[in-house]
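One-letter residues, chain by chain:
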Amino acid sequence: MTANPDDLGIDAYSSKDIAARVETSGIAKARLGFTQVLMLAILAGAFIALGGAFYTLVITGSELGYGITRFVGGIAFSLGLILVIVGGAELFTGNNLIVMAWASRKVTHRQLLRNWIIVYIGNFIGALSTAALISLSGVLSMSDGAVAETAIYIANAKLALSWQEAFFRAILCNTLVCLAVWLCFAARGVSGKILAIIFPISGFVALGFEHSVANMYFIPVAFFEGAETISISGFAANLSIVTGGNILGGSALVALVYWLIYLRKAPQA
């Protein structure tokens, strides 16, 4: 008799199983204590910032060609979400998937908003602190300051986007980020989770989509490096627009869509 791979725990979870696992995870996240959520969120902000720093270094001076350079940089940026998922941390964009548990009425409005607000603040603290540490460390002075020039270029390019460009890029970004997290719930081991992360994340980076937590690093680090074109008002405007787009992409286009497919209860006759 041939054993079922799923019974042996070596096959990926089915989409229906993933939906149930995401819902259960959302309930657990919503019930975490304040200190635990905040500390895990600070870690996630720092992890994403480290991915951003790695990306900045990798693309500096690259002669691989435009598309390939961005793809390789995206693989480097994947470090951030790998650390979040495997290391364990609370990321605002990924936590948009809690909407699945909310739609099932297993998480209240208050619990959802509480988690998002605490995690968002924690992510900001982690990313901003890491931006300051990266700047103070002097690593951006590598290659005769070319890495710092790249960091400033990245920030200026983000701030130059129109609100429509930033908003729709943010929707697309968190669609891919939440799909990466979704795929991680399909994996049964660490290697599977890492592989599930790399292509969605490198895809959004290569395509120039906008991630709110990443911007919490990219824009401040350029400011710390002396970019005169960066203002607090411009940063705040970019962050608010990108955050709104991220929420729509992750909550509506991933969480609610999968909830409707797999978790919505059929109306009673």
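The structure under discussion appears in the preceding block.
Fair warning: this is a prediction, and the values are worked out from it, not measured in the lab. (Residues numbered from 1 in each chain as written. Predicted model: local features only at pLDDT ≥ 70, side-chain atom pairs only at ≥ 80, totals over all residues. Heavy atoms only, no water.)

Peer 1: In this structure, what is going on with the nonpolar core? I would like to understand it.
Peer 2: One recurring pattern in soluble globular proteins is that nonpolar side chains are buried together. Of all hydrophobic cores here, the largest spans 75 residues; its most connected members are Phe77, Leu81, Val84, Met100, Ile201, Phe204 and Tyr217. Setting aside its immediate chain neighbours within four residues, Leu81 contacts Ile48, Leu91, Ala180, Val181, Ile197 and Ile201. (Core = buried A, V, L, I, M, F, W, Y, C linked by side-chain atoms within 4.5 Å. Buried < 20%, exposed > 50% of the residue type's maximum accessible area, 1.4 Å probe, protein only. Contact = heavy atoms within 4.5 Å.)

Peer 1: Even after reading the chapter, I still don't get the packing of helix 10 (residues 212–224) against helix 11 (residues 232–263), so can you show me in this structure?
Peer 2: The relative placement of two packed helices is expressed as an angle between their axes plus a distance between the axes. At a minimum axis separation of 9 Å, helix 10 and helix 11 run at an interaxial angle of 160°. Between helix 10 and helix 11, the interaxial angle falls into the category roughly antiparallel. Where helix 10 crosses over helix 11, the handedness of that crossing is right-handed. Within the contact between the two elements, helix 10 uses Ser212, Asn215, Met216, Ile219 and Pro220 and helix 11 uses Phe235, Asn238, Leu239, Val242, Thr243 and Asn246. Per-class residue counts for the contact of helix 10 with helix 11 are 6 nonpolar, 5 polar and no charged. (Axes fitted to C-alpha atoms, helices over the stretch in contact; angles between N-to-C directions. Helix = DSSP H or I, 4+ residues; strand = E, 2+ residues; numbered from the N terminus. Parallel < 35°, antiparallel > 145°, perpendicular 65-115°, else oblique. Left-handed = near helix turned anticlockwise from the far one by under 90°. Nonpolar A, V, L, I, M, F, W, Y, C, P; charged D, E, K, R; others polar.)

Peer 1: Can you walk me through the pattern of salt bridges in this structure?
Peer 2: Oppositely charged side chains can form a pair if their charged atoms are brought close together. All chains considered together, the criterion is met by 3 salt bridges. A salt bridge links Glu210 to Lys158; its shortest N-O distance comes to 3.1 Å. Of this pair, Glu210 sits in the loop between helix 9 (190–206) and helix 10 while Lys158 is found in helix 7 (residues 146–159), placing the two residues 52 residues apart along the sequence. (Salt bridge = Lys/Arg side-chain N within 4 Å of Asp/Glu carboxyl O.)

Peer 1: How do you make sense of a nonpolar patch on the surface when you look at a structure like this?
Peer 2: On the surface, a cluster of nonpolar side chains totalling about 540 Å² of accessible area is made up of Leu64, Ile68, Phe71, Val72, Ile75 and Phe199. Broken down by element, the nonpolar patch gets its largest block of residues, 4 residues, from helix 3 (residues 66–77). With respect to the element layout, Val72 can be found in helix 3. (Patch = residues over 30% accessible without salt bridge, like charges linked within 9 Å, V, L, I, M, F, W, Y side chains within 5 Å. Areas by Shrake-Rupley, 256 points an atom, 1.4 Å probe, with all protein chains shown as cover.)

Peer 1: What exactly am I supposed to notice about the layout of surface pockets here?
Peer 2: Vacant regions in the atomic arrangement are exposed by a probe of water-molecule size rolled over the atoms. In this structure, the largest pocket encloses a volume near 520 Å³. Forming the boundary of the largest pocket are 24 residues, of which Tyr55, Ile59, Arg70, Tyr153 and Ile154 lie nearest the centre. Element by element, the count of residues in the lining of the largest pocket is highest for helix 7, at 5 residues. Tallied by class, residues from the lining of the largest pocket come to 14 nonpolar, 6 polar and 4 charged. Each pocket or cavity is described by its volume, and for the second largest pocket that value is around 310 Å³. Around the second largest pocket sit 20 residues that line it, and Ser25, Lys29, Ile85, Val181 and Phe185 are the ones nearest its centre. (1 Å grid on protein atoms, 1.4 Å probe; cavity = no way out; pocket = protein on both sides within 12 Å on 5 of 7 lines; lining within 4 Å. Points joined across faces, edges and corners; volume = space filled by probe spheres on them.)

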